[in-house]
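Below are the chains, spelled out letter by letter.
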Amino acid sequence: MKNSNSFSTKMASKSSDELNSIISSGSAYLEEAKTAARWELEKREKDGRLAKEIEHKKNPYKGEERYDEFKKSISGTSSFRFRPSFTETFTSSSDNDLIQQTAMAVFKRLEWALVYIDSKHLEARRANDADKPWTEKIMVSITNTGQVRVESTSLKDTFFDRGLNSKCVKLFIHVYKEIETELKKAKLNN
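Residue positions are given per chain, counted from 1 along the sequence in the order it is written. pLDDT decides what is reported in this predicted model: residues at 70 or higher carry local features, side-chain atom pairs at 80 or more are listed and counted, and totals for whole chains, interfaces and linings draw on all residues regardless. Side-chain metrics rest on all non-hydrogen atoms present in the structure, leaving aside hydrogens and water.

1. A closer look at the overall build of the chain
Regarding its fold elements, the chain presents seven helices and seven strands. Within these notes, the globule rule equals 2.2 Å times the number of residues to the 0.38 power, and the radius of gyration is based on C-alpha atoms. For 190 residues, the compact-globule estimate of 2.2 N^0.38 gives 16 Å, and the chain exceeds it by more than 25% at 22 Å. Based on the C-alpha atoms only, the size of the chain along its principal axes is roughly 70 × 50 × 25 Å. Every one of the 190 residues in the chain was classed for burial, and the buried ones make up 35%. A sequence separation of at least 24 residues applies to 59% of the contacts in the chain between residues at least 6 apart. Per the convention used, a helix needs a DSSP run of H or I reaching at least four residues, while a strand needs a run of E reaching at least two, with both numbered from the N terminus. Whether a residue is buried, partly exposed or exposed follows from its accessible area with a 1.4 Å probe, protein chains only, as a fraction of its type maximum: under 20%, in between, or over 50%, in that order. Here, two residues are considered to be in contact whenever any of their heavy atoms come within 4.5 Å of each other.

2. Some remarks on helix H7 (residues 164–189)
If you check H7, its first and last C-alpha atoms are 37 Å apart, about what 26 residues at 1.5 Å a residue would give, namely 38 Å. Inspection of H7 places Asn-165, Ser-166, Cys-168, Val-169, Leu-171, Phe-172, Ile-173, Val-175, Tyr-176, Ile-179 and Glu-180 among the buried residues, and these make up the whole buried set. Helix span is expected to be 1.5 Å times the residue number reduced by one.

3. Section: the packing of helix H2 (residues 16–23) against helix H3 (residues 31–47)
For helices, the fitted line uses only the C-alpha atoms of the stretch in contact; every axis is such a line through C-alpha atoms, and the angle between N-to-C directions lies from 0 to 180 degrees. One way to put it is that H2 packs onto H3 with a least axis distance of 9 Å and a crossing angle of 140 degrees. The angle between H2 and H3 falls in the class oblique. In the packing of H2 onto H3, the handedness of the crossing is left-handed. Listed contacts from H3 to Ser-16, Leu-19, Asn-20, Ile-22 and Ile-23 of H2 are Ala-33, Lys-34, Ala-37, Arg-38, Glu-40, Leu-41 and Arg-44. Here the contact of H2 with H3 is composed, by residue class, of six nonpolar, two polar and four charged. For classification purposes, angles smaller than 35 degrees are called roughly parallel, those larger than 145 roughly antiparallel, those between 65 and 115 roughly perpendicular, and all remaining angles oblique. Crossing handedness is read from the near helix: turned anticlockwise from the far helix by less than a right angle, it gives a left-handed crossing, and turned clockwise, a right-handed one. Under the grouping applied here, Gly and all other residues not named as nonpolar or charged are polar, the nonpolar ones being Ala, Val, Leu, Ile, Met, Phe, Trp, Tyr, Cys and Pro and the charged ones Asp, Glu, Lys and Arg.

4. Things to note about the sheet that holds strand E6 (residues 147–154)
One bridge is not enough; two strands pair if DSSP finds at least two bridges between them. Spatial ordering of the open sheet is given by E2-E6-E5-E4-E3, a layout of five strands whose pairing is antiparallel. Pairing within the sheet leaves two strands with one partner each, and these edge strands are strand E2 (85–91) and strand E3 (113–117). Averaged over all neighbouring strand pairs, the angle between strand axes comes to 20 degrees, with direction disregarded. Where E2 meets E6, seven bridges bridge the pair, whose relative direction is antiparallel. Opposite Ser-85, over in E6, you have Thr-153 as the bridge partner.

5. Quick look at the pattern of salt bridges
One side-chain nitrogen of Lys or Arg within 4 Å of one carboxyl oxygen of Asp or Glu is enough to make a salt bridge. The final tally for this structure, using the stated rule, is nine salt bridges. Among the ionic pairs, Glu-182 bridges to Arg-109, the shortest N-O distance being 2.9 Å. Here Glu-182 is found in helix H7, whereas its partner Arg-109 is found in helix H6 (residues 96–110), with 73 residues between them in sequence. Glu-182 sits in the partly exposed class, given a relative accessible area of 37%.

6. Things to note about unusual backbone geometry
For Glu-111, which is not glycine, the phi dihedral falls at a positive 65 degrees. Topologically, Glu-111 is positioned in the loop between H6 and E3.

7. Overview of the environment of Asn-96
For Asn-96, the location among the structural elements is in helix H6. Taking the C-alpha atoms as reference, Asn-96 lies 9.4 Å from Gln-147; in sequence the two are 51 residues apart. Residues contacting Asn-96, with those up to four places away along its chain left out, are Lys-120, Ile-142, Thr-143 and Asn-144.

8. Examining the nonpolar core
Phe-107, Trp-112, Val-150 and Phe-172 are the most contacted members of the largest nonpolar core, which has 24 residues in total. Mapped onto this core, the elements with two or more residues apiece are E2, H6, strand E4 (121–126), strand E5 (136–142), E6 and H7. A per-element tally of this core places H7 first, with eight residues. When residues no more than four places from it in sequence are discounted, the contact partners of Val-150 are Phe-86, Thr-87, Glu-88, Phe-90, Ile-138, Met-139, Val-169, Phe-172 and Ile-173. We define a nonpolar core as any set of buried Ala, Val, Leu, Ile, Met, Phe, Trp, Tyr and Cys residues linked to one another through side-chain atoms lying within 4.5 Å. Counting residues in hydrophobic clusters, the runner-up holds eight residues, among them Leu-19, Ile-22, Ala-36 and Leu-41.

9. Overview of the packing of aromatic side chains
To describe a pair of aromatic rings, you give the distance between the ring centres and the angle between the ring planes. Two rings from Phe, Tyr or Trp (for Trp, the six-membered ring) form a pair when their centres are within 6.5 Å of each other. A pair whose planes differ by under 30 degrees is stacked, one over 60 is edge-to-face, and the rest are tilted. On inspection of all chains with the given rule, the structure shows four aromatic pairs. Relative to Phe-172, the ring of Phe-107 has its centre 5.6 Å away and its plane inclined at 50 degrees; by these criteria the two rings are tilted. A residue pair is termed long-range when its members are at least 10 positions apart, and Phe-107 in helix H6 and Phe-172 in helix H7 qualify at 65 residues. For the residue pair Phe-107 and Phe-172, the accessibility class agrees, reading buried in each case. Joined through ring pairs, the aromatic side chains of Phe-90, Phe-107, Trp-112, Phe-172 and Tyr-176 make up one cluster.

If you want it as structure tokens, here you go:
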């Protein structure tokens, strides 16, 4: 039988640090609450969540996570069609080789898997969660005039996008401009 008591639901919503504080609190909490906190930590250890939480503390800014605040500020554009997509174009003052290198750096920084590359196109896959299958395909096309076209397409067999594709495109462009600025500063300093 699964371990639970009247405090189990409340303990499930607490962070591991909070659970450890409850366990070591002395007489500040009832023994039943401390027991529920121990059970919750054991459960997290068994299902791997505790290890992920510890890893996240060591390296809290991985992939898209470092842009969580920016992602929250983006207003998504919803769409309704089979395999919805969103496209946006911007201009870069860099040459095509540098545009391509910068786009690859964006994919790496966001931890999107690069799956295709040639002189004018790049394609990556994105998953909402590392343990789940790919959810979006992000395609980057480069023209001879410095135009960069970014398109995100849902990979699930779905008809409605609540704005995730537009958020992926806007996140790509934001990180692209950030990296482009970093590269230009580094070049000036050399």
